[in-house]
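# Observations on the model geometry
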Amino acid sequence: MNAALRPTQSQVSVDAGGVNAPLFRRLLESQSAERRAVVLDLGPARMETVALFSQFRCRLEFADLGDGLDQLNGEADPLLLRQKAESLLPRRRQEAADIVLCWDLLNYLQRPALKSLMACVAARSRPGTMVHALIVYSAPRMPARPDRYAALPDGRLLIQRTTGAECAAPRYTPEDLRHCLPDHAVESAMLLKNGMQEFLLRSIRQTES
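Let me begin by describing the structure that accompanies this report. Because the structure is predicted, anything quoted here is derived from the model rather than measured.

## Brief notes about the overall build of the protein chain
Scanning the protein chain from N- to C-terminus turns up six helices and twelve strands. Computed over its C-alpha atoms, the radius of gyration of the protein chain comes to 16 Å, within 12% of the 17 Å expected for a compact globule of 209 residues. In terms of principal-axis extent, the alpha carbons of the protein chain reach across some 45 × 45 × 30 Å. At a minimum sequence separation of 6, the contacts of the protein chain that also span at least 24 residues come to 74%. As displayed, the protein chain offers around 9,700 Å² of accessible surface, 50% of which is attributable to carbon and sulfur atoms. One finds the centroid of the 27 positive side-chain charges in the protein chain at a distance of 1 Å from the centroid of its 24 negative side-chain charges.

Given below as structure tokens:
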């Protein structure tokens, strides 16, 4: 994570036509037009994502965590780290989250920050809440800042690069995720054509009051 940045093209390719994400499509197909769902998107609001989920009975919440990652990674005190992670998320409501969209943000968190943030996410999720994430897998380097993702109805994801600089990719394994996310279980994983591994995780912790 602390590797020097360099302005070069990332080895994780960006397909102008969108990246096919089968597990994201599975997540969409599991939704019902009759059942209300709360969707927590850890990225910025995108009109494509809003339009996509507007076909369901959803409440969308956007955290836009991109600018807060450095302060999480820079906090060594576990208690303060948990407080900072909680402060970056939307205000907690009575309804628990049913879907959490992480996009590529987990790649930019060091292990303590990753564990703390996802503990906060689990605390506001119901048992069985599905978490979607994209982990850099095959490339040793990645963009220095998170990309922006727009979700399409057919399950493709449009990727907008936000920087030409790169940094080292942590390339978290499923075992890393099990260690850093003890409140979540890996439901499915799939390697995408762009070299990222797509994950669906399931919350296994009771919602906090």
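## Some points on the sheet that holds strand β8 (residues 148-151)
One open sheet accounts for three strands, arranged β2-β9-β8; its pairing is antiparallel. The sheet terminates laterally at β2 (19-20) and β8, the two strands that pair on one side only.

## Some thoughts on the packing of aromatic side chains
Tallying each qualifying case throughout the model produces three aromatic pairs. A ring pair is formed by Phe-24 and Trp-103, whose centres lie 5.8 Å apart and whose planes are at 40 degrees; its orientation type is tilted. Residue Phe-24 is located in helix α1 (residues 22-29), and its partner Trp-103 is located in strand β5 (residues 97-103); the two are separated by 79 residues in the primary sequence. Accessibility classification places Phe-24 together with Trp-103 in one group, the buried group. Residues Trp-103 and Tyr-149 carry aromatic rings whose centres are separated by 5.6 Å and whose planes lie at 5 degrees to one another, so their mutual orientation is stacked. Within this pair, whereas Trp-103 is found in strand β5, its partner Tyr-149 is found in strand β8, the two being separated by 46 residues in sequence. Pair check on accessibility: Trp-103 and Tyr-149 agree, each one buried.

## A closer look at the side chain of Asp-183
Residue position: Asp-183 is located in the loop between α6 (174-180) and β11 (184-191). Not counting chain neighbours up to four residues away, the residues in contact with Asp-183 comprise Ala-119, Ala-122, Arg-202, Ser-203, Ile-204 and Arg-205.

## Focus on the nonpolar core
Residues Phe-24, Leu-42 and Phe-53 are the most contacted members of the largest nonpolar core, which totals 58 residues. Leaving out residues up to four positions away in the same chain, Phe-24 has contacts with Leu-52, Phe-53, Leu-101, Trp-103, His-132, Ala-151, Gly-155, Leu-157 and Glu-198.

Scoring rules and cut-offs
Residues numbered from 1 in each chain as written. Predicted model: local features only at pLDDT ≥ 70, side-chain atom pairs only at ≥ 80, totals over all residues. Heavy atoms only, no water. Helix = DSSP H or I, 4+ residues; strand = E, 2+ residues; numbered from the N terminus. Rg over C-alpha atoms; globule rule 2.2 N^0.38 Å. Contact = heavy atoms within 4.5 Å. Areas by Shrake-Rupley, 256 points an atom, 1.4 Å probe, with all protein chains shown as cover. Lys, Arg positive; Asp, Glu negative; His and termini not counted. Charge placed at Lys NZ, Arg CZ, Asp CG, Glu CD. Pairing = 2+ DSSP bridges. Phe/Tyr/Trp six-rings, centres within 6.5 Å; stacked < 30°, edge-to-face > 60°. Buried < 20%, exposed > 50% of the residue type's maximum accessible area, 1.4 Å probe, protein only. Core = buried A, V, L, I, M, F, W, Y, C linked by side-chain atoms within 4.5 Å.

Everything listed is a geometric property; what it means functionally is a separate question.
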